[in-house]
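What follows is each chain in one-letter form.
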Amino acid sequence: EKVLANPKWPDEWPYSEDDFKRMDESSDAIFYDSPRLCYHIDDAAVSALTEYYSTCFKDGENVLDLCSSWVSHYPKDWKGGENVVGLGMNEYELSQNPVLTSHVVKDLNDDPVLPFDDNTFDKVTCVVSIDYLNKPLQVCQEIGRVLKPGGECILSMSNR
């Protein structure tokens, strides 16, 4: 069955703010204070994700990597545009990501507004992190705002 061919969406957002409360509501900045230069998915998943990106990334595209870190899993031979931006929680991790032309340190759980102009990016990626956001609807609305018309958002999930 091709469930994504004809999705049935609810008329209204079916969740309340309480549905996104966490057991530990302390600041995420505490957890992300120390750099973690590690992969959050296994080698096979990294390879599959990079291969998928190679089918849809075009040279010269401006890309925003949300919840970014020291690696974005983009194809090695891809030549990004002037704006390949990482938005994440740890300055050092972001500074070590070789594909980024710039980066922004920001906690989207504190403030889901993206600090970019409308229609800025051709693609937005978010690898195994959308499920950690406590304001996913607002972040997705912001993704729609910063994407150029016809742009794509690629959200990757893990079964971990």
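Read on for an overview of the structure. (Residues numbered from 1 in each chain as written. Predicted model: local features only at pLDDT ≥ 70, side-chain atom pairs only at ≥ 80, totals over all residues. Heavy atoms only, no water.)

## Topic: the sheet that holds strand β2 (residues 84-88)
Pairing between sheet strands relies on hydrogen bonds along the backbone, with the strands arranged either parallel or antiparallel. What the five strands build is an open sheet, ordered β3-β2-β1-β4-β5; its pairing is parallel. At either margin of the open sheet sits one strand with a lone partner, and together these are β3 (102-105) and β5 (147-156). Here the average twist between neighbouring strands, direction ignored, is 20°. Direction of pairing for β2 relative to β3: parallel, over a ladder of four bridges. (Pairing = 2+ DSSP bridges. Helix = DSSP H or I, 4+ residues; strand = E, 2+ residues; numbered from the N terminus. Axes fitted to C-alpha atoms, helices over the stretch in contact; angles between N-to-C directions.)

## Points about the pairing of strand β1 (residues 63-68)
Counting buried residues in β1 gives five out of six residues, a clear majority hidden from the surface. For β1 and β2, the ladder comprises five bridges, and the chain directions are parallel. Bridge pairing in β2 places L66 opposite L87. Where β1 and strand β4 (residues 121-127) come together, four bridges link them in parallel fashion. Within β4, the residue paired with D65 across the bridge is T125. (Buried < 20%, exposed > 50% of the residue type's maximum accessible area, 1.4 Å probe, protein only.)

Limitation: the analysis is restricted to geometry and does not speak to function.
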